[in-house]
Amino acid sequence: MDLGRLRGNAAAIQASLGGAGMLAVIKSDAYGHGLETVAASLGRAGVSRFAVAYVAEAAAVRVAAPAAELVLVLGAACPAEVPRMLRERLTPVVVSAEHGRALSAAAVAAGGRLGVHVKLDTGMGRLGFVCPAETAQAAEVCRLPGLEVRGVCTHFAMVEPEKKPAAARGQAEKFRQALPLIEAAAGRRLFRHMSSSRAALLLPECDQDAVRMGISLYGYGAAEQDKRFATVPVLQWKSRVMQVKTVPAGFAVGYYASYKTPAPTDLATISCGYTDGYQRHLGNKGQVLVGGKRRPVVGRVSMNWISADLGPDSGVKAGDEVVLIGEQGGERIWADELAKHCGTIAYEILTGISRQIERRYVGG
Ligand SMILES: Cc1ncc(COP(=O)(O)O)c(C=O)c1O
């Protein structure tokens, strides 16, 4: 994990945003990169706003980046967690009238005033007050005792300006239309945020006061030609060759012999499997880097091991480095390549790397 690259990405994003700030989305263990280390590193680099999914994650961010101005909990925090949120200056979103009343009662009982952001559902169909039907209820949150509404936000379901230009713009319009009622109830302009990485790249007009930046921070999601900023992958995933054996043609590899060597070759058994987050879909599809070259992953992915066909006279030996995601000898394999083989997205590959895999950091 290259923290220098992470901070470089943060700086590139921040520079491109102009007036808007960045809210670093570091939920799911900072997309698999390590919550505390990422929060601390970004915090030292001057990032002061963070978003996570759960209160426990937010509390860890408060410890790692004590000076953070905002630690936002994007999930619907429980009323039982209000004392902790008050104590540790954590800011939940309010997602419904019932949720608002429950947080309000808990804050009053705790004798505190809890800063919150109101979450609007403008078309994602997930958390939040449905707009415009529940905009008035969202405004009512501003009048609840024990709560102080400081922000208002929504989340895009799709950002496809070429194919479906109306979708995101319709959501943005619903958001803009909801603001006057909510801000009138709050008695002031609120901190507004709507976009995440893709919208930041493709719909700069939606920036608002801050952009919730997740995947771009880690170096993915910015493949478009007209991108507004460029970021580089932060994480590499490495393993070791456990055994190399020279085998004849027709040699069966792995469970159910789904691969048979077409010719005499060297086979590597590599320490890594689906328990580590290396998905079974990668069997007979994925590639790894060994000895500075791409090598096919052959046979099925086992719980703890995979095999790679190295070709004859490979010169590879037990103990050699294997790159599952990253760079070696000028070759590169990034998480989006694995994602394509698995029919998924880089987010799932990154967050799926098991916590039991040791994280090492460079670029302090
Ligand atoms: C509410 C919310 N905001 C922002 C983000 C960050 O999105 P991205 O990683 O695409 O930037 C997410 C990601 O899941 C999210 O759920």
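One can find the structure itself at the top, above this paragraph.
Calculation notes
Residues numbered from 1 in each chain as written. Predicted model: local features only at pLDDT ≥ 70, side-chain atom pairs only at ≥ 80, totals over all residues. Heavy atoms only, no water. Phe/Tyr/Trp six-rings, centres within 6.5 Å; stacked < 30°, edge-to-face > 60°. Helix = DSSP H or I, 4+ residues; strand = E, 2+ residues; numbered from the N terminus. Buried < 20%, exposed > 50% of the residue type's maximum accessible area, 1.4 Å probe, protein only. Near = heavy atom within 4 Å. Polar contact = N/O pair within 3.5 Å; in protein donor to acceptor, adjacent residues only side chain to side chain. Areas by Shrake-Rupley, 256 points an atom, 1.4 Å probe, with all protein chains shown as cover. Nonpolar A, V, L, I, M, F, W, Y, C, P; charged D, E, K, R; others polar. Salt bridge = Lys/Arg side-chain N within 4 Å of Asp/Glu carboxyl O.

Draft legend 1. Here's a closer look at the packing of aromatic side chains. Under the defined criterion, the tally for this structure stands at three aromatic pairs. Between Y31 and Y347, the aromatic rings sit 5.9 Å apart at their centres with planes inclined by 40°, giving tilted as the arrangement. Of this pair, Y31 sits in helix α2 (residues 27-32) while Y347 sits in helix α11 (residues 346-351), and the two are 316 residues apart along the sequence. A residue is classified by how much of its surface remains accessible, and Y31, at 8% relative accessible area, is buried. What makes Y347 partly exposed here is its relative accessible area of 37%. Linked through ring pairs, Y31, Y218 and Y347 together constitute an aromatic cluster.

Draft legend 2. The arrangement of the site of the ligand in detail. Taken together, V25, K27, Y31, R126, H155, S196, S197, R212, M213, G214, I215 and Y347 are the residues near the ligand. Side-chain polar atom of Y31 to an oxygen atom of the ligand: 2.6 Å apart, as the coordinates give it. Within the complex, 90% of the 400 Å² of free accessible area of the ligand lies under protein. Contributions of two or more residues to the shell around the ligand are made by α2 and β9 (210-213). Residue composition of the shell around the ligand, grouped by class: five nonpolar, four polar and three charged.

Draft legend 3. Looking closely at the pattern of salt bridges. By the definition in use, this model includes 21 salt bridges. A salt bridge links E148 to R188; the shortest N-O distance between them is 3.5 Å. Linking E148 in strand β7 (residues 147-153) with R188 in the loop between α8 (165-186) and β8 (191-193), this pair joins segments that are 40 residues apart in sequence. Between R360 and E358 there is a salt bridge; the shortest N-O distance is 3.3 Å. The same class applies to R360 and to E358, which are both exposed. Via salt bridges that share partners, D2, R5, E327 and R332 belong to a single interconnected network.

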